[in-house]
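Residues per chain, in single letters:
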Amino acid sequence: MTAVDARPEQTNEIGRDRRRKEDARLITGRTRWTDNINLPGMLHLAMVRSPFAHARITGIDTSAAEDSEGVVTVLAAKDFDESLGVCINAWPITPDQKTPAHPPIAIDRVTFAGEIVAIVAARSAAAARDAAELVEVDYEELPAVVSLEEAVKDEVLAHPDLGTNKSALWVFDSAQAGTGGNVDEAIASAKSDGIVIERTYRQQRLIPAFMEPRSVVCDPTGEQITVWSATQIPHILRFAFAATTGVPESKIRVIAPDVGGGFGGKLQQTPEEMIVFAMARRLGKPVKYTETRSESLLSAHHGRDQIQKLTLSATKDGQVTGLKVELDANLGAYVAIVGGGVPVLGAFMFNAIYKFPAYQFNCQTVLTNTTWTDAYRGAGRPEATYAIERLMDELAAEVGVDPLEIREKNWIKHEEFPFTTIAGLTYDSGNYEAATAKAKEMFGYDALRAEQAERRANNDPVQLGIGISTFTEMCGLAPSRVLGSLDYGAGGWEHAQVRLTPTGKVEVITGASAHGQGHETAFSQIVADRLGVPFEDVEVLHGDTQIAAKGYDTYGSRSLVVGGEALVRAADKVLEKAKPIAAHLLEASVDDMEFTGGRWTVRGTDQGMSIGELSTAVFAAHNLPDGVEANLDSEATFDPENFNFPHGTHLCAMEVDTETGQVKMRKYVCCDDIGNIINPLIVAGQVHGGLVQGIAQALWEDAVYDDAGTLVSGSFVDYLLPTAADTISFEIDHTTSPATTNTLGTKGVGEAGTIASTPAVVNAVVDAIRPLGINDIEMPCTPERVWRAINSAQKGA
Amino acid sequence: MIPASFDYVAPTTVEEALAALAQYGDEAKIIAGGQSLLPVLRMRLNAPEWVIDLGRIDSLKGVRDEGASILIGAMTRHCDVATDPLVAEHATLVARATATVADEQVRHRGTFGGALAHADPAGDLGAPALALDAEFVIAGPAGERVVPGSEFFQGLFETAVSEDELLVGVRIPKHTGWTAHYEKFVRVAHQWPICAVGATLKVSGGVIEGAAIGLTNMGATPLRAAGVEAALVGQQATEEVVRNAAALAADGAEPPSDLNGDADYRRHLVMVLTRRAITKALGG
Ligand SMILES: Cc1cc2nc3c(=O)[nH]c(=O)nc-3n(C[C@H](O)[C@H](O)[C@H](O)COP(=O)(O)OP(=O)(O)OC[C@H]3O[C@@H](n4cnc5c(N)ncnc54)[C@H](O)[C@@H]3O)c2cc1C
């Protein structure tokens, strides 16, 4: 690692508040979104979707639609052979998992409202839509099972042929794993001499609601089939097409052009993508499908939807002795690409920042006649964090101490890092004391507690509550070996390439495909810093399998900590390759070369060459050392040894109007430890956006089905997304415990805010009204729910 | 979200618009600001063959002083109503309520007449108009007719305007010197009200001389809280009087139950909001 060792100083790119270079085009929309793509002779698709959650298809009459103006063809499942492909579940969580086959088009039975039953191809999107209205489908309704509570009873079956709704039971037991004691014993002994807290929390179903609806274009003309998709995962998608349609991977090019958000919602191999691919091949023409907002809310995968039965045992003074989790997770009608794995990710996070002597996690995944669920910002970790952070507040209330004190009593002390948890993960670095101290100070904790006491004493109609969340999470997905041990069907490395142009500009190619995060800016900063080139001279290319041939894409807060590390290694290889060439051109010994100020220089002289100059010299190749190739380009693949563990202390003050139940945020402060920061402005953006998304789960968002399986909150009139008008100005800061598992010392920040904020908000709401005898409000904490809790507490009193 | 195809006409006078309505009958839909109609068309809940755009009829835009009353043209946009000096002075409650409608974008397209003609029970403008004794000016084949609020609102999305007619304006008797407040209860800022109360009062020497209270989303149509008004008029403007009057707010209301709240919650809410609306209108 001579090149790394030879790097004595950095330019000032790392840690710099660079404005994002991609923003001008993204914010003005002057860029290529998938739906902007129009190709000669292109046809447009419209989907005919089932209005029923569960029904037998008894007939499909396409004749009127076929006669409609501009229509080319109308097809149903029977018109396709196996080259249509299937939607795959890449993570069967147990060997005996029940996984219903998922054809992109329903064959003889629909299993959720929104499932595709027929497809119209027409010369315009409007003509396709008009004709779709004319397709007549006869359904014979079947009983539908919608809620988790009903589904686990197995009385009504989502897929009668499977004989059960229960897909898989995944268990972790610390006694069996050898990481800790027996949880049932811990609970039994706390029952006789200690504290046992039993709670059931509901993680309501959420809709990712990305800004750009999903869109797919496929051009089958030419040697390669080219697919553009508004996806997070062009590489995985290419693999999925090849694996399920029989078309060789070498014949498929997948491009994710600029993509308008995903939040996990575009981490999917969708029926729509498979259909567009098949239709383009069948018709021999370019084909486009762009979903409507209604279709997006209805059929793009949803997130969360769990019921968590929790039992926490502790000593009388609040030392936790055990945690037992019994979790039911609603998969929806099919097991999505990592649908079953999402709750399993949570298994490693229920113990959070704490030292638990005994732990058991039981996860039952359950099929229902609803839209499938899968990753949504945080994926499994927000649910786990919510549960444990709520429970820590409940424990504090039971013991009668400040909730910060109960946390400190149980958390991993700074000097104990690296620390191997009861769930088997090794946290490399962290400092909960420092983050908490800083957050407390920023918050004005003592003053707000004093105000709370005063309002309680005065019986103020507006009560004040303080909520705490000392979260951690595992991100930087993922060590491939760990994924293998969990039966995940792929790896978790990332790939990067650094290319130099003759004029000394740098092209960076990353397999982490951005969809709004700011990779182009942050990655440019890293390379500019590493190679000593101007920020403006670095171009980041991504999202096209022909350019970035290898990669595992963007999710799980992985791009910087995995992809960025691959990039650092590739850049360092460039320096290594350049060193002997510089020595040769400067007529010096390789041993006398050092890399300073962005140049290879001869030690003790002012002679040197920049990477740009070297690149030009290599391009000409007139004077290279013998046996050295005329190329500075380098690539690297990085597979992390471990996950990455950001943490932080979040403090939230909520006002609760006891007359109406309305809750209002008064103050939100967080101190996150995400290791070293490349670009504080991008980090602030991720934190702010993440916080709002987590707060929205606590207060507003809820995907509601009626008993028949109709999505009631199917538009933004009823699915309440917050806007800037609904939030306050957050105060954010950082402590820095660099990660030890990557060169840059960075930790993931993409999901941190979302994971942390939900329990902070609900804890604050509950804290405000706890003196009334209330110890829970179900999410979202609607005014009606809060008012009913207060009203019945007052009646009971 | 592509609407079914339709033909489009944009008349420049009320007469032309009425002629177009007469010609196309129930195959036509009027479009004003489009803020309620376009979602309906895009979701294909309605597929008219003709859309008649009132946007070019200048005579329907703006606010006029008619002496004892003001007339708000049907095509006056929310943003213009909210900032109009005549409305601010003589129909303060309408200005206050209009300023809470949706967001900037919607207020720059949506119209006063369009909102009232749409008659969404959760619309913010019906209750203030009703409370201020507005008269609705309707033009039809036989000329103009004027109906009071109590007749104009007939049910869920239903008004006295028939298929061959147009709402051309709303006449509001001047409530000069009345203070006003519109108390709107929402979960997120851009939401339709779960429940809202408009209160406007005339107080002289500490005595309430006039009170008009309108309720939004407490039934299929906007409601007037007559019991509350009666309990206020002639009384000293004390906290107790206000509290007791507000407790009558839910009398006779038949609020809906939906995702945002069941009827009993709304019945409770309306009392709290009425008290707050009156208190704030009184300057509290
Ligand atoms: C995101 C969003 C949020 C909103 N939030 C609120 C809110 O919080 N509070 C609120 O009050 N409103 C809200 N609205 C509705 C808004 O006020 C609309 O502007 C209003 O409901 C309709 O007015 P318009 O001019 O757009 O009418 P259009 O949508 O053009 O027409 C509505 C209906 O009225 C008919 N019509 C229109 N004008 C006439 C006329 N002169 N004579 C006869 N019939 C006519 C049309 O045929 C149509 O059926 C919201 C709208 C949106 C899109």
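Details of the structure are given in the entry above.
Residues numbered from 1 in each chain as written. Chains lettered and ligands numbered in written order. Predicted model: local features only at pLDDT ≥ 70, side-chain atom pairs only at ≥ 80, totals over all residues. Heavy atoms only, no water.

1. Some remarks on the site of the ligand
All names here are of chain B. Condition: Being near a molecule or strand, for a residue, comes down to having at least one heavy atom within 4 Å of it. Identification of polar contacts relies on pairs of N or O atoms within 3.5 Å, with a donor-acceptor requirement for protein atoms, meaning one able to donate a hydrogen and the other able to accept it, and with residues adjacent in sequence counted only if both atoms are side-chain atoms. Here a helix means four or more residues in a row that DSSP labels H or I, a strand means two or more in a row labelled E, and each is numbered from the N terminus. For this classification, the nonpolar set comprises Ala, Val, Leu, Ile, Met, Phe, Trp, Tyr, Cys and Pro, the charged set comprises Asp, Glu, Lys and Arg, and every other residue, Gly included, is treated as polar.
Contacts to the ligand come from 28 residues, most closely from Ile30, Ala32, Gly34, Thr111 and Asp124. In this structure, an oxygen atom belonging to the ligand sits 2.6 Å away from a main-chain N or O atom of isoleucine 30. In this structure, an oxygen atom belonging to the ligand sits 3.5 Å away from a main-chain N or O atom of glutamine 191. Among the elements of the structure, strand S2 (28–31), helix H7 (112–118) and strand S10 (166–173) are those that each provide at least two residues to the shell around the ligand. In terms of residue count, H7 provides more of the shell around the ligand than any other element does, 4 residues in total. Of the residues assigned to the shell around the ligand, the class counts are 14 nonpolar, 11 polar and 3 charged.

2. Quick look at the interface of chain A and chain B
Spelled out, the test is: Contact definition: two residues touch when any of their heavy atoms are within 4.5 Å. The buried area of a pairing is the accessible area, by a 1.4 Å probe, that goes missing from both parts when the two are put together, added over both. The term salt bridge refers to a pairing of a side-chain nitrogen on Lys or Arg with a carboxyl oxygen on Asp or Glu at a separation within 4 Å.
With 31 residues of chain A at the interface, the matching set in chain B holds 24 residues. Counting the surface lost from both chain A and chain B, the interface buries some 2,300 Å², and carbon and sulfur atoms represent 56% of this. Taken as a group, A:Glu659, A:Leu720 and A:Glu784 account for 22% of the area that chain A buries against chain B, more than any other trio of residues on that side. For the pair chain A and chain B, the interface holds 5 salt bridges. Among the salt bridges present, the one from A:Glu659 reaches B:Arg276, with a minimum N-O distance of 2.8 Å. In this structure, the connection of chain A to chain B is made through 13 residue pairs in polar contact (both at pLDDT 80 or more). Counting only elements with at least two residues in the side of chain A that touches chain B, the list comes to helix H4 (125–132), helix H10 (293–299) and helix H22 (783–796) of chain A.

3. Describing the nonpolar core
Residues and elements named next belong to chain A. The condition that has to hold: To form a nonpolar core, buried Ala, Val, Leu, Ile, Met, Phe, Trp, Tyr and Cys residues must be joined to one another through side-chain atoms within 4.5 Å. When accessible area is computed with a 1.4 Å probe and restricted to protein chains, residues below 20% of their type maximum are described as buried, those above 50% as exposed, and intermediate ones as partly exposed. In this document the domain limits rely on a domain assignment from an automatic tool or a database.
In this structure, Trp170, Phe350, Tyr359, Phe361 and Tyr668 are the most contacted members of the largest nonpolar core, which totals 102 residues. Two domains each provide a minimum of three residues to this core, namely domain 2 (34–142 + 213–259 + 266–299) and domain 3 (303–477 + 642–786). Sequence-distant contacts of tryptophan 170, defined by excluding residues within four places in its chain, comprise Ile93, Thr94, Val344, Ala347, Phe348, Phe361, Asn362, Cys363 and Leu486. With 44 residues, the next largest nonpolar core counts Leu500, Phe523, Val533 and Ile611 among its residues.

4. Structural notes on the pattern of salt bridges
A complete count under the given rule lists 71 salt bridges over all chains for this structure. Taking the shortest distance from any N to any O, the salt bridge between B:Asp65 and B:Lys174 comes out at 2.8 Å. On the criterion of sequence distance, the pair formed by B:Asp65 in strand S4 (residues 63–65) and B:Lys174 in the loop between S10 and strand S11 (179–185) is long-range, its members being 109 residues apart. Accessibility expressed as a relative area gives 24% for B:Lys174, which makes it partly exposed. Between B:Asp124 and B:Lys184 there is a salt bridge whose closest N-O contact spans 2.6 Å. With B:Asp124 in the loop between H7 and helix H8 (126–131) and B:Lys184 in strand S11, the pair connects residues that are 60 residues apart, well separated along the chain. Pair check on accessibility: B:Asp124 and B:Lys184 agree, each one buried. The network of salt bridges with shared partners includes A:Arg49, A:Arg214, A:Glu272, A:Glu291 and A:Glu295.

5. Considerations on the packing of aromatic side chains
All names here are of chain B. Condition: Here the aromatic set is Phe, Tyr and Trp, taking the six-membered ring for Trp, and pairing holds for ring centres within 6.5 Å; pairs whose planes are under 30 degrees apart are stacked, those over 60 apart are edge-to-face, and all others are tilted.
Counted by the stated rule, this structure contains 22 aromatic pairs over all chains. Pairing tyrosine 24 with tryptophan 50 gives two aromatic rings, centres 4.0 Å apart and planes at 10°, and the pair type is stacked. Note that tyrosine 24 is positioned in helix H1 (residues 14–24) and tryptophan 50 in strand S3 (residues 50–53), a separation of 26 residues in sequence. Accessibility assignment for this pair places tyrosine 24 and tryptophan 50 in one class, buried.

6. Some details on the sheet that holds S10(B)
All names here are of chain B. To keep it simple, the criterion reads: Think of it this way: DSSP has to see at least two bridges between two strands before they count as a pair. Comment: axis = line fitted to C-alpha atoms, over the contacting stretch for helices; angle = value between 0 and 180 degrees taken between N-to-C directions.
The antiparallel open sheet is built from 5 strands, whose spatial order is S4-S5-S10-S6-S7. Edge positions in the open sheet fall to S4 and strand S7 (143–148), since each of these has one partner strand only. Sheet twist, expressed as the mean angle between neighbouring strand axes with direction ignored, is 25°. As paired strands, strand S6 (residues 135–140) and S10 are joined by 5 bridges and run antiparallel to one another. Bridge pairing in S10 places phenylalanine 136 opposite valine 170. Lying over the sheet, H1 contacts S6 and S10, oriented at roughly 130° with respect to S10.

7. Section: the pairing of strand S19 (residues 494–500) of chain A
All names here are of chain A. Counting buried positions over the 7 residues of S19 gives 6, a clear majority of the element. Where S19 lies against strand S25 (residues 634–638), 5 bridges are found, and the strand directions are antiparallel. Directly across from glutamate 494, in S25, lies its bridge partner phenylalanine 638. Judged from the 5 bridges that link them, S19 and strand S20 (residues 506–510) form a sheet pairing that is antiparallel. Note that in S20 the partner of leucine 500 across the bridge is valine 506. What sits between the antiparallel neighbours S19 and S20 is a turn of 5 residues, in which glycine 504 has the positive phi angle 85°.

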